[in-house]
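The lines below spell out each chain.
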Amino acid sequence: MLRFAIRRFAIAAPMLFIASFVMFMMVAFSGDPMSRYRSMDPPPPPEAIASIERQLGLDQPVLVRYWNWLTGIFRGDFGASVANVDIGAELGARMLVSFRLIVLAVLIAAVVAIVVGVISAMRQSGAIDNVVSTLVFIALALPVFWVGVLLKYAAIEFNEAAGTTVFYTVGDGTSSGAAGLELVGFLALPTIVLVINQFASWSRYVRSSMIEVLSADYMRLARAKGLTKGRAVVRHGLRNALMPFVTIVALDFSALVGGAIVSESIFQWRGMGDLLLNGIRNLDVHVVMAWLLVFATATIVLNLLADLVYGVLDPRIRTA
Amino acid sequence: MRNRFTSVAVLAAATLFVSACAGGAGNASEGGDSPSAAPGQVTGDLNAVNTAEVQAGGEVTMAIEKTIPNWNTLSAAGDISETVWVTSALYPAAFVIQPDASTIEMNTDLLESAEVVSQDPTVVQYVINEDAVWSDGVPITGDDFIYQWRVLNTRDCPDCATHDSDGLDKVTSIEQSEDGRTVTVTYESTFSEWQRPFQRLLPAHIAAEHGDLYETFSDYFVNTVPEFSGGPYIISDYQQDVSVTLERNPNWYGDEPPLERINFVMITDTQQTPIAMQNGEIDVMYPQPQIDLLQQVRDMAGMGVSHQMNQSMVMESLMFNHSNSFLSDPALRRAIATAIDTQSVIDRTVGQFDETVTPVGSVMIMQQQEGYESKVEELGYGQGDADAALAILEEAGYTLQDGALHTPEGEAVPALRAVYSVGNAVRESSMQVIQTALQPLGISLALETTDSLGDTTSNNEPYGYDLVLVGYTGSPFIASNAFKRYTTGTGYNPYYSNPQVDELVDEALQATSSEETIALINEADALVVEDLLLMPLYQKPSLLAYVDSLGNIRDNPTISGPTYNIHEWGFTGE
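Residues numbered from 1 in each chain as written. Chains lettered and ligands numbered in written order. Predicted model: local features only at pLDDT ≥ 70, side-chain atom pairs only at ≥ 80, totals over all residues. Heavy atoms only, no water.

## Considerations on the overall build of chain B
Secondary structure assignment for chain B yields 16 helices and 20 strands. For 574 residues, the compact-globule estimate of 2.2 N^0.38 gives 25 Å, and the C-alpha radius of gyration of chain B, at 26 Å, lies within 12% of that figure. Considered along the principal axes of its C-alpha atoms, chain B spans approximately 95 × 80 × 40 Å. Counting all 574 residues of chain B, 57% fall into the buried class. Counted over contacts in chain B with a minimum sequence separation of 6, partners at least 24 positions apart contribute 69%. Just so you have it, chain B exposes about 21,900 Å², and 47% of that area is on carbon and sulfur atoms. Within chain B, the 82 negative side-chain charges are centred at a point lying 7 Å from the centre of the 22 positive side-chain charges. (Helix = DSSP H or I, 4+ residues; strand = E, 2+ residues; numbered from the N terminus. Rg over C-alpha atoms; globule rule 2.2 N^0.38 Å. Buried < 20%, exposed > 50% of the residue type's maximum accessible area, 1.4 Å probe, protein only. Contact = heavy atoms within 4.5 Å. Areas by Shrake-Rupley, 256 points an atom, 1.4 Å probe, with all protein chains shown as cover. Lys, Arg positive; Asp, Glu negative; His and termini not counted. Charge placed at Lys NZ, Arg CZ, Asp CG, Glu CD.)

Encoded structure:
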């Protein structure tokens, strides 16, 4: 097992290095980070632009800039930002915001997916299954940004009907000191957007997995021993059906991040998604690289964990 | 039973989405649309819009579209409109530019007087009010003027990346009285725009505690959230990238501002701003007007939201690359300008939501400014007259062969690279209208987009352009603005030079009256328009929306923005 884990780590580290190099070059060559200064109207003096270029190290060759960035990382220095972002401090604060959204959405989406998936499987091809499946497919087809905007308008209608602001359409609430129910008013809509995006696909995994389990011999044995269908499902079926689902959740991390980026943008949360979008908009290579580093590491670690879990559950994988 | 449940579930889901979809429609706007003045359209005195008696107290939340990564608005990186609007309540200015972009009023809270005491060279004497203090109680003195001069004059701090010298590079000395209240500023020669400097004063005594000129200018004032104020409000709370809250400055030396608190909320996705306003989360927004956004704002008329639309100071124009071997011929440029129908460009773009927009005929003085004169009519530019354009070309020896234009030397004029900002639908439509207008001349345009207009216009390599649509911002300081943009070796114009323009602008900078400045600038303007460095098209409209009950808020289309009189905002109580 240890050898298996070391082997996986040995593959992950160079992957991270290659990803960092490719991303650095892609961002560095995608435009001129100083264009925002050159586009200012009226333009600042050329000496000012040259001075900023020097301060940011943009007067260096790109390979030197990459090397400086790479070695800086080991000293805890994420590099200078074109937009004067304190990258280290921002990463910490924004990770909290994003991970709060992602974790909350994962928990709710997982519970909803399990309930919906199990019910669908137990009523396979029945009316409930058909209706739920239809709704799930609609949810799968809905673009995240559209759902977000739609929910905002629904919230406005709701607030008008309630005569008070229950749901908020911008901000995450923490900075304005919201707590308790008011905080829920800030959290609700972005979380729902992300949940809709995610539970739909997960519920299909649970459904198909559950259908397979329901026809297994051990389930028939459990029923033959006198357990009700519900008890048999909860005590024997669910545990086996959910094993592959757990690894799916880990592997879907990148999809969740994609949804969170859109959701954060619509609801103006200052999370990692917003940091990335601003970094790209400003061609702020060090900000983009810091973001990449965090999420590439998280994705690789989660995939690694999924591999390890597979390895634990299925010895054939370890020896393959 | 099961079927009934599923029917209810489907119905509920459908209801949710239908109600959500319906939510966007809002209420109908008030008033009828007339071609001359649509609802909210300001055609009169911009300086007096929404003037009202207001009550003390209350809190306002304004949306801003950018975050504040840099608090030093004198630096190139910090000179962002949104930061200027927020900090205008903190950093005092000697003079305040009024919304009409012509009137420049002395800040009577800060200054007792500001007078030119002699000319040739210009010497200006400022007398600071004896009550004027920073929020920590330290008096505002000549030291603060001197600090600004030293960081901006490009001599004392050559590494300070400044947004502009604000004319302080022309100052040879600043002296102050013993108590620091009388400040005498001497220029190297006559300087007509002496009201331009000292727009955003920073506290010299705080700078002295945090290092030398470079350190304070490039680090301390950039990265430190101001805990000081020399204006009516002071920052009481700042949440990075989220919001700034201002409260009354307890040591403010002017009349107490009506509003107790002002929140600036950073909403960087402009699509989300009107929704937040509809939900009551913000009270003021100042977005770039677009047809759908304006409709959203108009729909809020019945919900207690007013809006103001007026001319901005941003002029859309078509820039010609004079280094192009074909466009270096004035005849070809003149023919292009003559064939373009500016009114058609307007009709296809901003005219769809603002029928008051008209072609602009000057590049140095904006339509709402004193002294504006259109020069394009007499030159025949922007009239969409293809026959006249063909006549110009014919006279210059050009020929049309198989529908393509050939030079007098017989060379075919290649497709011209016409560049506009990527994702800018308005400019895309404008270019398409221009492209169609040039077809009868045998001139084809190859439309291209750029994500960096600055690079496109300042370098020909690696981007390059032949024609480019740009937005140029006017200024109340017309001579300085003309100097920076249109004289040899400045601004975006590496390939344009007209010694007569240089001379006239130089004379305008040294004029002794505003009338003389305007006359000289109009002369220079006529030359630049005729030379067709730029072909002026139209001035974009600007849009300000606010809750009905908020008085004294109005647009200021100059860099000062709508917060120029933030200390007068207040609720009317109606």
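## Considering the sheet that holds strand S7 (residues 182-187) of chain B
All names here are of chain B. Spatial ordering of the open sheet is given by S4-S5-S7-S6, a layout of four strands whose pairing is antiparallel. Of all the strands in the sheet, the pair left with one neighbour each is strand S4 (111-118) and strand S6 (171-176). Here the strands of the sheet are splayed against their neighbours by 15° on average, with no regard to which way each runs. As defined by bridge partners, S6 adjoins S7 across five bridges and the pair is classed as antiparallel. Counterpart to Val 171 in the pairing with S7 is Tyr 187. Those strands touched by helix H3 (residues 142-152) are S4, strand S5 (123-128), S6 and S7, and its axis lies near 160° from that of S6. (Pairing = 2+ DSSP bridges. Axes fitted to C-alpha atoms, helices over the stretch in contact; angles between N-to-C directions.)

## Re the state of the cysteines
Cysteine pairs can be covalently joined through their sulfur atoms, and such a bond is termed a disulfide. Residues and elements named next belong to chain B. What the rule picks out here adds up to one disulfide over all chains. The side chain of Cys 157 participates in a disulfide bridge whose partner is Cys 160; the two sulfur atoms lie 1.9 Å from each other. As the torsion about the S-S bond is roughly 75°, the Cys 157-Cys 160 disulfide counts as right-handed. By relative accessible area, Cys 160 is classed as buried at 6%. (Disulfide = S-S within 2.5 Å.)

## Focus on the domain arrangement of chain B
Residues and elements named next belong to chain B. By the assigned domains, chain B splits into domain 1 (110-223) and domain 2 (312-540). The straight-line distance from the C-alpha centre of domain 1 to that of domain 2 is 37 Å. The partner domain 2 presents 11 residues to the nine residues of domain 1 that form the contact. With both chains or domains summed, domain 1 and domain 2 bury close to 840 Å², and 51% of this area falls on carbon and sulfur atoms. Along the contact surface separating domain 1 from domain 2 lie one salt bridge. (Domains from an automatic or database assignment. Buried area = accessible area lost by both parts, 1.4 Å probe. Salt bridge = Lys/Arg side-chain N within 4 Å of Asp/Glu carboxyl O.)

## Focus: a nonpolar patch on the surface
All names here are of chain A. A surface patch of nonpolar side chains, amounting to about 590 Å² of accessible area, comprises Phe 17, Ile 18, Phe 21, Val 22, Met 26 and Leu 63. Per-element accounting of the nonpolar patch gives the leading share, five residues, to helix H1 (residues 2-28). Relative to the helices and strands, Leu 63 resides in helix H4 (residues 62-74). On the accessibility criterion, Leu 63 (56% relative accessible area) is exposed. (Patch = residues over 30% accessible without salt bridge, like charges linked within 9 Å, V, L, I, M, F, W, Y side chains within 5 Å.)

## Regarding helix H8 (residues 330-339) of chain B
All names here are of chain B. Burial of H8 is extensive: eight of the 10 residues sit out of reach of the surface. Within H8, the full set of buried residues consists of Ala 331, Leu 332, Arg 333, Ala 335, Ile 336, Ala 337, Thr 338 and Ala 339. Of the residues that open H8, the one with a side-chain oxygen 3.0 Å from the backbone nitrogen of Ala 331 is Asp 329. (Polar contact = N/O pair within 3.5 Å; in protein donor to acceptor, adjacent residues only side chain to side chain.)

## Section: the pairing of strand S18 (residues 534-547) of chain B
All names here are of chain B. Within S18, 13 of the 14 residues are buried, which leaves the element mostly enclosed by the surrounding structure. Summarising the sheet, strand S11 (residues 284-285) and S18 pair through two bridges and their orientation is antiparallel. Of the residues in S18, the one forming a bridge with Met 285 is Ala 545. Relative to S18, strand S12 (residues 305-320) runs antiparallel, the two being bridged by 12 bridges. Bridge pairing in S18 links Asn 310 to Ser 542.

## A word on the environment of Val82(A)
All names here are of chain A. Of note, Val 82 is situated in the loop between H4 and helix H5 (87-122). Each C-alpha atom, one on Val 82 and one on Leu 56, is 6.8 Å from the other, the two residues being 26 residues apart in sequence. Apart from the residues lying within four places of it in its own chain, the contact partners of Val 82 are Pro 33, Arg 36, Tyr 37, Leu 56, Asn 282, Leu 283 and Asp 284.

## Section: the side chain of Thr191(A)
Residues and elements named next belong to chain A. Take Thr 191: it is sitting in helix H8 (residues 181-214). By relative accessible area, which is 5% here, Thr 191 ends up buried. Apart from the residues lying within four places of it in its own chain, the contact partners of Thr 191 are Leu 101, Leu 104, Ala 105 and Ile 108.

## Remarks on the pattern of salt bridges
Considering all chains together, one arrives at 18 salt bridges over all chains under this definition. Residue Arg94(A) is joined to Asp241(B) by a salt bridge in which the shortest nitrogen-to-oxygen separation is 2.6 Å. Placement of the pair is Arg94(A) in helix H5 and Asp241(B) in the loop between strand S8 (233-239) and strand S9 (243-248), with the two residues belonging to separate chains. Taking relative accessible area as the criterion, Arg94(A) reaches 4% and is therefore assigned buried. In this structure, Arg220(A) and Asp217(A) form a salt bridge, with 2.7 Å as the shortest nitrogen-oxygen distance. Here Arg220(A) and its partner Asp217(A) are both found in helix H9 (residues 217-224), three residues apart, which amounts to about one turn of the helix. By sharing partners, the salt bridges in this structure join Glu90(A), Arg94(A), Arg270(A), Asp274(A) and Asp241(B) into a single network.

## Observations concerning helix H15 (residues 499-509) of chain B
All names here are of chain B. Of all the positions in H15, only Val 501, Leu 504, Val 505, Ala 508 and Leu 509 are classed as buried. All buried residues of H15 fall inside an arc of 140° around its axis, so they share one side. Turned more than 90 degrees away from the buried face of H15, the exposed residues are Pro 499, Gln 500 and Glu 503. Those residues of H15 that are buried lie in contact with helix H14 (478-486) and helix H16 (514-531). One side-chain oxygen of the residue at the start of H15 lies 3.0 Å from the amide nitrogen of Gln 500, identifying that residue as Asn 498. (Arc of directions from axis to C-beta.)

## Topic: the packing of aromatic side chains
One pass over the full model with this rule turns up 24 aromatic pairs over all chains. Between Phe24(A) and Tyr66(A) the ring centres are 5.2 Å apart and the planes differ by 75°, which places this aromatic pair in the edge-to-face class. With Phe24(A) in helix H1 and Tyr66(A) in helix H4, the pair connects residues that are 42 residues apart, well separated along the chain. The class for Phe24(A) is buried, based on a relative accessible area of 0%. Look at Trp134(B) and Phe228(B): their rings are 6.0 Å apart centre to centre, the planes differ by 85°, and that puts the pair in the edge-to-face class. (Phe/Tyr/Trp six-rings, centres within 6.5 Å; stacked < 30°, edge-to-face > 60°.)

## Things to note about unusual backbone geometry
The omega torsion of the bond from Asp120(B) to Pro121(B) falls at 0°, within 30 degrees of zero and hence cis. As for its placement among the helices and strands, Pro121(B) is situated in the loop between S4 and S5. Backbone geometry places Leu283(A), a non-glycine residue, at a positive phi of 50°. Here Leu283(A) lies in the loop between helix H12 (272-281) and helix H13 (285-313). Judged by relative accessible area, Leu283(A) falls into the buried class, the value being 16%.

## A look at the nonpolar core
Grouped together as the largest cluster of nonpolar side chains are 162 residues, with contacts concentrated most on Tyr126(B), Val244(B), Met364(B) and Tyr486(B). Here the element with the most residues in this core is S18(B); it accounts for nine residues. Looking at this core, you find at least three residues from each of domain 1 (110-223) and domain 2 (312-540) of chain B. Once residues lying within four places of it in the same chain are set aside, the contact partners of Val244(B) are Ile68(B), Trp71(B), Val86(B), Ile235(B), Asp237(B), Tyr238(B), Ile262(B), Asn263(B), Phe264(B) and Met266(B). By size, the runner-up hydrophobic cluster in this structure holds 80 residues, among which are Ile114(A), Tyr168(A), Met289(A) and Ala296(A). (Core = buried A, V, L, I, M, F, W, Y, C linked by side-chain atoms within 4.5 Å.)

## Section: a negative patch on the surface
Residue and element names in this part refer to chain B. A cluster of acidic residues, Glu 503, Asp 506, Glu 507, Glu 516 and Glu 523, forms a negative patch on the protein surface. Sorting the residues of the negative patch by element identifies H15 and H16 as the ones contributing at least two each. Top element by residues in the negative patch is H15. It accounts for three residues. Position of Asp 506 among the secondary structure elements: in helix H15.

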